[in-house]
Number of protein chains: 2
Amino acid sequence: MTNPRHPSFETLFVELGARRYPIHVGAGLLAQHDLLSSLTGDRDVLLVSTPPVAALYQETVLAQAPHARTLLLPDGEEYKTLASAEMIFDALLAHGVGRDGLLLALGGGVIGDLTGFATACYPRGVDFIQLPTTLLAQVDASVGGKTAVNHPRGKNMIGAFHQPRAVLADIATLATLDERNYRAGLAEVIKYGIIRDGTFFAWLEERLDVLLGRDAASLHHAVLQSCRIKAEIVIADERETGIRALLNLGHTFGHAIETAAGYGNWLHGEAVAAGIACATRAAAALDLLPPTDCARIVQLLERAGLPTRIPAALDWPALRKLMQTDKKVQQRKLRLVLPDAIGSARLCDDVPDAILEAAVKHA
Amino acid sequence: MTNPRHPSFETLFVELGARRYPIHVGAGLLAQHDLLSSLTGDRDVLLVSTPPVAALYQETVLAQAPHARTLLLPDGEEYKTLASAEMIFDALLAHGVGRDGLLLALGGGVIGDLTGFATACYPRGVDFIQLPTTLLAQVDASVGGKTAVNHPRGKNMIGAFHQPRAVLADIATLATLDERNYRAGLAEVIKYGIIRDGTFFAWLEERLDVLLGRDAASLHHAVLQSCRIKAEIVIADERETGIRALLNLGHTFGHAIETAAGYGNWLHGEAVAAGIACATRAAAALDLLPPTDCARIVQLLERAGLPTRIPAALDWPALRKLMQTDKKVQQRKLRLVLPDAIGSARLCDDVPDAILEAAVKHA
């Protein structure tokens, strides 16, 4: 199990026909020579990362892909912009990387989303592999092919669907993740339990303390289970014409919080946690969700050290207006994901504003 | 036939399953109320154009879509950039246009490519309609879903496949097109004859003088026949994994010329004409194409007033290097489209550099 040359890992497949790809989950994957090198081969490779992540893992990755060029981008949500995507285009053209090149996205969700978007557009589509090094990227951003950059007026408003060729979620990298980012990643893990799997939610309630201690076996299970749920939903609805929208639980509130607070001030997972709490309270107020389930959800988020309230400094009318730019808005009507049980959620497009305001302002 | 309320027009369909769309070709289409207004309905509409085109046709279009907002962008290939795409994103977000909005691209290939690219990315795909007002845009850029912006190091290097919902090619708009742009559009018309349809090529040889006089019936036939050939090829190979590459005859040379000369100095059609002449001479030098066919192609381009030579000021080594950034390059090998008859072309990836240089330097 712990032989460093053959670490234990498990593989799921995102079954999308010609675009089918594996998600490998395990400790030590980045260092496993025959895994990454078999994917890179002798192709032109550009490794995209940030300085702090590169300091930890660049050497390991380059040992598997010695011919790769490296591009380091500034770290943080506030740099997930068209300007950063342009730096990737510049590097690709400077190095003469062609349509048959390959990019490696080594880092958190920002690097994955940026590299994914750039590879969707260069030149109308080039391959990339996700090497996520944060919990949030491993359980969410790296899987499913949604790529994007932010606009000052709205998060992820400029993007493309572009699936990676493979995802290598090396859970050993989570050992070096700072506490705040680690907890932010748990928000998306908890989300999967709420929208799709009551058993997994109950497991999280039971195992949260060991998970907060980063117990390897528990982490392995949490990442694998999250990826499994996300892959199932993406296979069923790649382009988000239906069920995939449920993955956005907490995100309409969350994106508005991130935009209003200024990108980078709230971590994505923190904003999603507060958003999940707001959606949950709204669902309870509408009698969609029993009060006991509402309490269990809010309590689990709180135990994970995640925010369940929006700071008073954020003005409700401004937040409401930002929610209106959400991508799920149709014919100017806000469409929200609300939980209707632990393990189930639905889309609602007629939630009264007073209910939303009360859910947000909840003392 | 000339009733202004019901002008004669013909419709082709680009048969792409769920993304099937019509190409309407005829004189007076923009003014035909029931055509455009049935497509816009009560959706949020953003009309994207340039000041000179808007001065001529904005009023006509707004009469069919009175609730549309307008965004005018600077005119010219040198503005087909990410920065211009960003102006479209800004306008969409400022006006709160949602996923169910609709954009109208009114203008030449630059406006069509820019609007197409922006709608591919906002927010991961919104509808747009092509209202091409140049010959080049009507016969080429508006059909087929290739969208892109330029990079200083390479033309069309940042882009996406995103099909329009409809194309309205109003050939009455060609009456106001300046002579240089009109002739540049003929380069793509001639290209269709060379790669796919010897009968159409012979028709062009016979009708070129009336076509240069902008005879309406001849123009109608030329635009319709060009769109028909392009649609056939796009239906067969939407993502350019095979036959669609033949549409790039002259474009590997042409894009290098445009980039080397500085965007906007050579019109796209002019650069393509010179590129077709180079490819044709290379094909003759390789004994792929009979010398008489080579002479017919070069002569037709010359009769259309199009360049068939690259100016001596453009340095061959620099041009050759730019050709290497072409999107068709695979494993660092240049892949060229060469005609092998009037009405037929093939991909060649082993053309000796000496042949290319001689074709370019041909006195």
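Counting restarts for each chain, with residues numbered from 1 along the sequence as it is written. As they are written, the chains are lettered A onward and the ligands numbered 1 onward, keeping that order. Owing to the predicted nature of the model, reporting of local features is limited to residues with pLDDT of at least 70; listing and counting of side-chain atom pairs is limited to 80 or more, with chain, interface and lining totals taken over all residues.

Examining the interface of chain B and chain A
Often the size quoted for an interface is simply the accessible area lost on bringing the parts together. At the interface, 27 residues of chain B touch 27 residues of chain A. Helical segments are the DSSP runs of H or I of at least four residues, strand segments are the runs of E of at least two, and each set is numbered from the N terminus. Counting residues per element, the ones that place at least two in the side of chain B that touches chain A are α3 (82-94), α4 (109-121) and β8 (154-161) of chain B. Tallying contributions element by element places β8 of chain B first for the side of chain B that touches chain A, with six residues. Polar here means any residue other than Ala, Val, Leu, Ile, Met, Phe, Trp, Tyr, Cys and Pro, which are nonpolar, and Asp, Glu, Lys and Arg, which are charged; Gly is therefore polar. Class assignment of the residues belonging to the side of chain B that touches chain A gives a composition of twelve nonpolar, nine polar and six charged. Two residues qualify as being in contact provided that their C-beta atoms, derived from the backbone, are within 7 Å of each other.

Observations regarding the relation of the copies chain B and chain A
For the pair of chain copies, the relating operation is a rotation around an axis with a shift along it. In superposing the copies, a least-squares fit is computed on C-alpha atoms, taking residues whose pLDDT is at least 70 in both. Aligned on chain A, chain B shows an RMSD of 0.0 Å; the corresponding rotation is 180 degrees and the shift along the axis is 0.0 Å. Given the turn and translation reported, the copies of this chain are related as if by a two-fold rotation axis. Closest to the rotation axis within chain B is the C-alpha of Leu82 of chain B, separated from it by 4.0 Å. Comparing contact sets, 100% of the residues at the interface of chain B also lie at the interface in chain A, consistent with an isologous, same-surface contact.

Digging into the sheet that holds strand β2 (residues 21-26) of chain B
All names here are of chain B. Taken in spatial order, the seven strands make up an open sheet running β1-β2-β9-β6-β5-β3-β4, and their pairing is mixed. Edge positions in the open sheet fall to β1 (9-14) and β4 (69-72), since each of these has one partner strand only. Each adjacent strand pair in this sheet contributes to an overall mean axis angle of 20 degrees, direction not counted. Between any two strands, at least two bridges found by DSSP are needed for them to pair. Bridge count between β1 and β2: six bridges; the pairing is antiparallel. By the bridge assignment for β2, Leu12 is matched with Ile23. Axis definition: a line fitted to C-alpha atoms, limited for helices to the stretch in contact. Angles are taken between N-to-C directions and run from 0 to 180 degrees. Across the sheet, helix α2 (residues 51-64) is in contact with β3 (45-49), β4, β5 (102-107) and β6 (127-132); its angle to β5 comes to roughly 125 degrees.

Brief notes about the pairing of β5 of chain B
Residues and elements named next belong to chain B. To assign burial, the other C-beta atoms lying within 10 Å of each residue's own C-beta are counted, with C-beta atoms placed from the backbone; 20 or more indicates buried, 12 or fewer indicates exposed, and intermediate counts indicate partly exposed. Of all six residues that make up β5, six are buried, and the element is covered over most of its length. The alternating pattern of β5 places Leu102, Leu104 and Leu106 and Leu103, Ala105 and Gly107 on opposite faces, both of which are buried. Across four bridges, β3 lies against β5 in parallel orientation. Following the sheet pairing, Val48 is matched in β5 by Ala105. With six bridges joining them, β5 and β6 adopt parallel strand pairing. Counterpart to Leu104 in the pairing with β6 is Ile129. Handedness is read with the strands pointing away from the viewer; a crossover is right-handed when the path from the first strand over the helix to the second is clockwise. Taken together, β5, α4 and β6 form a β-α-β motif whose crossover is right-handed.

Some remarks on the sheet that holds strand β2 (residues 21-26) of chain A
All names here are of chain A. Strands sit in the order β1-β2-β9-β6-β5-β3-β4 across an open sheet of seven strands; the sheet is mixed. If you trace the sheet from one side to the other, it starts and ends with β1 (9-14) and β4 (69-72), each paired once. The average undirected angle you get between the axes of adjacent strands in this sheet is 20 degrees. Contacting β1, β2 and β9 (166-170), helix α8 (residues 216-236) runs over the sheet at an angle of about 10 degrees to β1.

Concerning the domain arrangement of chain A
All names here are of chain A. Domain start and stop points were drawn from an automatic or database domain assignment. Domain parsing of chain A yields domain 1 (9-176) and domain 2 (184-361). Its C-alpha centre places domain 1 at a distance of 25 Å from the equivalent point of domain 2. Sorting the residues of the side of domain 1 that touches domain 2 by element identifies β1, β2, α5 (135-141) and β8 (154-161) as the ones contributing at least two each. A per-element tally of the side of domain 1 that touches domain 2 places α5 first, with five residues. Class assignment of the residues belonging to the side of domain 1 that touches domain 2 gives a composition of 15 nonpolar, nine polar and seven charged.

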